[in-house]
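Examination of the molecular architecture
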Amino acid sequence: MWSKVIAQSIIVLVPALGVWRAWRSITSCALCALVALIETILWSAYQRRSRLIESGEFYYSRGRRRMLLLGVIGVPLVACAMWCAGLFWPVLRERWQNSRQFTVAVARFENPLHPEDRQYRVTKYIIEGLESIADRYPGIHVVALDRFIESQDGRGIANKEARRIGARVVLWGDFYATTKAVVVSTNVEVLAFPELPHSLAPKVTDPPSDFVDFEHYSLQQRLSQRMVGLTLAILGTCKLASRDFDGAATVFADALDKPDSEFFDTSVIWLLQGTALNELRRYALAVESFDHAIRLDPRLAVAYNNRAFALRRQGRISDAVSDFSKALQLRPQYALAYSNRGYAYKSQKDFDKALRDYDAAISLSPNDPRFLFNRAALFSDLLEFEAAISDFSTVIRLDSRAVDAYRFRGLAYRLSGKPDQAVNDYNKALNLSPNDSQLHLYRAVAYMSLGDRGAAMKDLDRALALQPNYAVAYGNRALLRLQTGEVDDGLTDANRFFSLVDRSDPQQVLVIGEIQKRIANIRQ
């Protein structure tokens, strides 16, 4: 009963839907007519009663009639799904494409209530300026919003429009012109990077400008360049957040070619450029960028911290300590600066000050695994293995995928006489990073401590397969082979180790001494 009602309703609705869609697409109308024809055929076949073959006349069986009914219901549903896809696919495709690009949406600056505003072409100049940088950065896509965003609508409408088309940035504003002066208000809504410093996404109402500049379009050109510089700054910040450091440094350099300190704080751009250069290990250039940032804003604590990091990497430890201290003077609760200064003190072998700074960092941010890891590494250097193991364990509790915490906790276990627990940690670390040659070496040494020479040899072979010039692995394999009586292979590994050894590395110097002792014992 109900199945027949549903089927008949669908047969009526399908042509109606086709008529409704016909004005939009002839193809849709033709498809609807085809579906209606198929429905009529299927329904006619379904209505024939089921009975046995009599006098050579065949009628559909009950099973086939069920299939026909399924077709009657299914065909229009599939057609409706196709129509829905046709309706929404263009919008979804646009949003998907925009999500893969850095889309900048520009709303009309000309108020539709003032038709005379169109002659000043403010929006046109802004879009042309943005399109000029889109040629250099193919990832930038400029979209003109066919609407004016009023000041009372503000951020809500800008956010809605950005999400509708998948834009990362929305530029909008308005202007008011008289015969003598003009006032331009500009707004920026950033969805790409919520943590963006506010100074890079301001709302600005410029002081009145001479109407002559507006009439001759020089003001529009300055506004366009301002928007270009701002867009580049935001693009660079997004590249920095996505760890595209080379791209970020390049974009920030372009942004700084178009500075406008009245609109956004260029000290922040210098800071971000220096941060990108630090990640690229271009420390001299990074220091120069931080110098500019500090010169523009002497109270920018993060600039002192980041410059100190670059100075430490250059070996200028005392200068780094001075900068870290300045950062802490400006921001006393700056946990990262405490941790970084602690590392610098550790480099100077001033372990007491290093420990105090690590303790201060952890007291300010007790759940930051970086600070706990640094203190654990200091405890290991001081041979305080139980304290080191405790801190490494806390790091692992906070981040179960911290490979280095497993690595160095395993080392602390082995050096404190617990090679079985060291092997357990190395197993966990290798599950996370199976192609880490150092982990294979460390586990091999732990196996040697346990007397499992076969497992140790497999790990040493694997370490050398991953890193063919791994000197310490050759040295340990030479020791193992000499110990097990494989003298010829052991000597071969020893010679290979001696050809690769770094005599400034205390660990490798110890291996040299052990190999020489083994060889001397064999010759006796």
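Below: a short report on this structure. Note that the coordinates shown come from a computational prediction; the quantities given were computed from them, not determined experimentally. (Residues numbered from 1 in each chain as written. Predicted model: local features only at pLDDT ≥ 70, side-chain atom pairs only at ≥ 80, totals over all residues. Heavy atoms only, no water.)

**A look at the environment of Ala241**
On the secondary structure map, Ala241 appears in helix α7 (residues 218-241). In this structure, the C-alpha to C-alpha distance between Ala241 and Ala276, residues 35 residues apart in sequence, is 9.8 Å. (Helix = DSSP H or I, 4+ residues; strand = E, 2+ residues; numbered from the N terminus.)

**Some points on helix α23 (residues 506-523)**
With 18 residues, α23 should cover 26 Å at 1.5 Å per step; its first-to-last C-alpha distance of 26 Å lies within 8% of that length. Residues of α23 that are buried: Gln508, Val511, Ile512, Ile515 and Ile519. Taken around the axis of α23, the buried residues stretch over an arc of 105°, which confines them to a single face. Residues of α23 that are exposed and point more than 90 degrees away from the buried face comprise Pro506, Leu510, Lys517 and Asn521. On its buried side, α23 packs onto α21 (471-483) and α22 (487-500). (Expected span 1.5 Å × (residues − 1). Buried < 20%, exposed > 50% of the residue type's maximum accessible area, 1.4 Å probe, protein only. Arc of directions from axis to C-beta. Contact = heavy atoms within 4.5 Å.)

**Section: unusual backbone geometry**
Even without glycine at this site, Arg281 takes up a positive phi of about 65°. You can see Arg281 is positioned in the loop between α9 (266-279) and α10 (283-296). Despite not being glycine, Lys349 has its phi angle at roughly 65°, a positive value. Along the chain, Lys349 falls in the loop between α13 (335-347) and α14 (351-364).

**Digging into the pattern of salt bridges**
Counting across every chain of the model gives 21 salt bridges. A salt bridge links Arg341 to Asp357; the nearest nitrogen and oxygen atoms lie 2.7 Å apart. Here Asp357 lies in helix α14 and Arg341 lies in helix α13, a separation of 16 residues in the sequence. Using a relative accessible area of 5% as the deciding quantity, one classes Asp357 as buried. Between Asp368 and Arg370 there is a salt bridge, with its nearest N and O atoms 2.7 Å apart. Since its relative accessible area comes to 13%, Asp368 is described here as buried. (Salt bridge = Lys/Arg side-chain N within 4 Å of Asp/Glu carboxyl O.)

**A look at the side chain of Ser289**
Along the polypeptide, Ser289 turns up in helix α10. Look at Ser289 and you get buried, because its relative accessible area is 4%. Leave out the neighbours within four places in its chain, and Ser289 touches Trp270, Gln273, Gly274 and Leu277.

**Focus on the packing of helix α8 (residues 245-256) against α9**
The geometry of α8 relative to α9 is characterised by a closest axis approach of 9 Å and an angle of 150° between their N-to-C directions. The orientation of α8 with respect to α9, classified from their angle, is roughly antiparallel. The chirality of how α8 crosses α9 is left-handed. Packed against α8, whose contacting residues are Phe245, Ala248, Ala249, Phe252, Ala253, Ala255 and Leu256, the element α9 presents Thr266, Ile269, Trp270, Leu272, Gln273, Ala276, Leu277 and Glu279 at the interface. (Axes fitted to C-alpha atoms, helices over the stretch in contact; angles between N-to-C directions. Parallel < 35°, antiparallel > 145°, perpendicular 65-115°, else oblique. Left-handed = near helix turned anticlockwise from the far one by under 90°.)

**Quick notes on the environment of Tyr283**
Position of Tyr283 among the secondary structure elements: in helix α10. Among the residues examined, Tyr283 registers a relative accessible area of 13% and is labelled buried. Along the chain, Tyr283 and Gln314 lie 31 residues apart, while their C-alpha atoms are 7.0 Å from each other. Look past the residues within four positions of Tyr283 in its chain and what remains in contact with it is Asn278, Phe309, Ala310, Arg313 and Gln314.

**Some words on the packing of aromatic side chains**
Scanning all chains against the criterion turns up four aromatic pairs. Ring geometry for Phe373 and Phe392: centres 5.4 Å apart, planes at 65°, overall edge-to-face. Placement of Phe373 in helix α15 (residues 369-381) and of Phe392 in helix α16 (residues 385-398) is noted, with a sequence separation of 19 residues between them. The interplanar angle of 55° and the centroid separation of 6.0 Å between the aromatic rings of Tyr426 and Tyr442 together place this pair among those described as tilted. Taken together, the positions of Tyr426 in helix α18 (residues 419-432) and Tyr442 in helix α19 (residues 437-450) put the pair 16 residues apart, joining distant regions of the chain. Each member of the pair Tyr426 and Tyr442 is classed as buried. Among the aromatic residues, those joined into a cluster by ring pairs are Phe373, Phe392 and Phe408. Note that Arg331 overlies the ring of Tyr334, its terminal NZ or CZ placed 4.1 Å from the centroid. (Phe/Tyr/Trp six-rings, centres within 6.5 Å; stacked < 30°, edge-to-face > 60°. Lys NZ or Arg CZ within 6 Å of the ring centre and 35° of its normal.)

**As for the nonpolar core**
By size, the foremost hydrophobic cluster in this structure holds 123 residues, and its most contacted members are Leu130 and Leu171. When residues of this core are assigned to their parent elements, the largest contribution, nine residues, is made by α7. Ranked by size, the runner-up nonpolar core spans 11 residues in total, among them Ala107, Ile149, Ile165 and Ala167. (Core = buried A, V, L, I, M, F, W, Y, C linked by side-chain atoms within 4.5 Å.)

**Details of the packing of α9 against α10**
Remark: α9 packs on α10, axes separated minimally by 8 Å, with the N-to-C direction vectors making an angle of 160°. On the basis of their axis angle, the class for α9 and α10 is roughly antiparallel. Crossing of α9 over α10 shows left-handed handedness. Residue-level contacts link Thr266, Ser267, Trp270, Leu271, Gln273, Gly274, Thr275, Leu277 and Asn278 of α9 to Tyr283, Leu285, Ala286, Ser289, Phe290, His292, Ala293 and Leu296 of α10. In the contact of α9 with α10, the residues fall into nine nonpolar, eight polar and no charged. (Nonpolar A, V, L, I, M, F, W, Y, C, P; charged D, E, K, R; others polar.)

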